[in-house]
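# Descriptive structure summary
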Amino acid sequence: MATRSIEHQSRPFTSFPNANYILPSDLKEKERLNKQHSMLKRVFGEKIIFAPISIQPGDEVLETGTGTGVWLLDFRKSLPQSKDLSLYGIDIESKLFPSTDLSAGALHFSVCSVTLLPREWSEKFSMVHQRFLMPALRKTEWPRALSEIYRVLKPGGWIQLCEPGDWSAGPITEKHKAMRRALYDLRELDLECTKHMPTRLANVGFINVQTIDRAMPLGEWGGQDGRECRNDIIAIWRAQKTAILKSGGLGFVKSEQEFDTLIDDVEREWDATVGAETHWVAFYAQKPL
Ligand SMILES: C[S@@+](CC[C@H](N)C(=O)[O-])C[C@H]1O[C@@H](n2cnc3c(N)ncnc32)[C@H](O)[C@@H]1O
């Protein structure tokens, strides 16, 4: 297998120390994340809070890996008492943060890793939300991240997570899947993090662990859902080009053009394969009182 980096045009990536994140941090990614939020809302029946929590005035809520803060801003909008809440978003990359007004509810965005949250935040938050850290956290970092979230939650507080599940379509998709697995193995990422999540949550002490698994069509045949889901996932996979080409193509592609062609072919396969689908999986769990 070639290990020499393959030449290509790279997008900007975070320079946070020891970051393992394989997606870029630029305007195009900001736009994708904001669109993805609307799509996911539809996937989950327009709900953005799954945990059975009643938010009270004075409560503090944290989002780890907040990106553009799109979930946090929507959360603020959805609550009548939002002006009495303090909302915190952390991320390893400030370039993605929103340029937002602070007119309703206190909003605080800061740079840090979910694997090492501020010491003074112990038992501060009523709820912590985290979505799509699968392309960032090493297998060894998941327990550390979940125990940091556990530490900063108040007793009785809730964690809510969402990650992509498995997907299926046809032989080209399977080839891409094998390439993605090789990348994830190389970067020590957990492609099956949704399978491991309930046990990981229980292992750090969470109780009342619940899973919500939603299947969505992939491709033109699936109407608006199929198109939006396809566009989002294809954009993610195109954005992983640098990670794959920097690692010499991992034995699957030998040039930027071969990479682009493979993703084009995956896209065509989804459009032509009735029944192609992907899963989105949400979890919530409680810190015991
Ligand atoms: C796929 S994006 C999702 C953003 C947001 N949660 C959403 O759903 O729109 C993943 C985010 O996690 C951030 N990230 C990666 N590693 C992180 C870490 N160790 N701690 C905190 N944030 C991290 C990235 O910078 C990026 O903004």
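- The chain is annotated in an unreviewed UniProt entry as S-adenosyl-L-methionine-dependent methyltransferase from Crucibulum laeve.

### Let's talk about the state of the cysteines
- Overall, the coordinates contain zero disulfides when judged by the stated rule.
- Residue Cys162 stays outside any disulfide, its sulfur separated by 9.8 Å from that of Cys193, the closest cysteine.
- Judged by relative accessible area, Cys162 falls into the buried class, the value being 4%.
- The buried category is assigned to Cys193, whose relative accessible area is 0%.

### With respect to empty space enclosed by the protein
- Under the counting rule described, the total for this entry stands at one cavity of 30 Å³ or more.
- Quantified by volume, the largest cavity comes out at close to 80 Å³.
- As for the largest cavity, its lining consists of His37, Leu40, Lys41, Phe44, Lys47, Ile48, Phe50, Trp71, His129, Arg131, Gln160 and Cys162.
- Listing elements by their share of the lining of the largest cavity, those giving two or more residues are α1 (27–43), β4 (125–131) and β5 (153–168).
- Sorting elements by how many residues they give to the lining of the largest cavity places α1 first, with three residues.
- Across the lining of the largest cavity, the residue classes break down as six nonpolar, three polar and three charged.

### Overview of the pattern of salt bridges
- Under the definition given, this model contains 23 salt bridges.
- Notably, a salt bridge pairs Glu60 with Lys124, separated by 3.1 Å at the nearest N-O pair. Placement of Glu60 in strand β1 (residues 60–64) and of Lys124 in the loop between β3 (106–111) and β4 is noted, with a sequence separation of 64 residues between them.
- Since its relative accessible area comes to 19%, Lys124 is described here as buried.
- Taking the shortest distance from any N to any O, the salt bridge between Arg230 and Glu267 comes out at 4.0 Å. On the criterion of sequence distance, the pair formed by Arg230 in helix α6 (residues 223–239) and Glu267 in helix α8 (residues 256–272) is long-range, its members being 37 residues apart.

### Considering α8
- The first and last C-alpha atoms of α8 sit 25 Å apart over 17 residues, in line with the 24 Å expected at 1.5 Å per residue.
- All of the buried residues along α8 are Phe259, Leu262, Ile263, Val266, Glu269 and Trp270. All buried residues of α8 lie within an arc of 115° about the axis, which places them on one face of the element. Away from its buried face by more than 90 degrees, α8 exposes Gln257, Arg268 and Ala272.

The rules behind these values
Residues numbered from 1 in each chain as written. Predicted model: local features only at pLDDT ≥ 70, side-chain atom pairs only at ≥ 80, totals over all residues. Heavy atoms only, no water. Disulfide = S-S within 2.5 Å. Buried < 20%, exposed > 50% of the residue type's maximum accessible area, 1.4 Å probe, protein only. 1 Å grid on protein atoms, 1.4 Å probe; cavity = no way out; pocket = protein on both sides within 12 Å on 5 of 7 lines; lining within 4 Å. Points joined across faces, edges and corners; volume = space filled by probe spheres on them. Helix = DSSP H or I, 4+ residues; strand = E, 2+ residues; numbered from the N terminus. Nonpolar A, V, L, I, M, F, W, Y, C, P; charged D, E, K, R; others polar. Salt bridge = Lys/Arg side-chain N within 4 Å of Asp/Glu carboxyl O. Expected span 1.5 Å × (residues − 1). Arc of directions from axis to C-beta.

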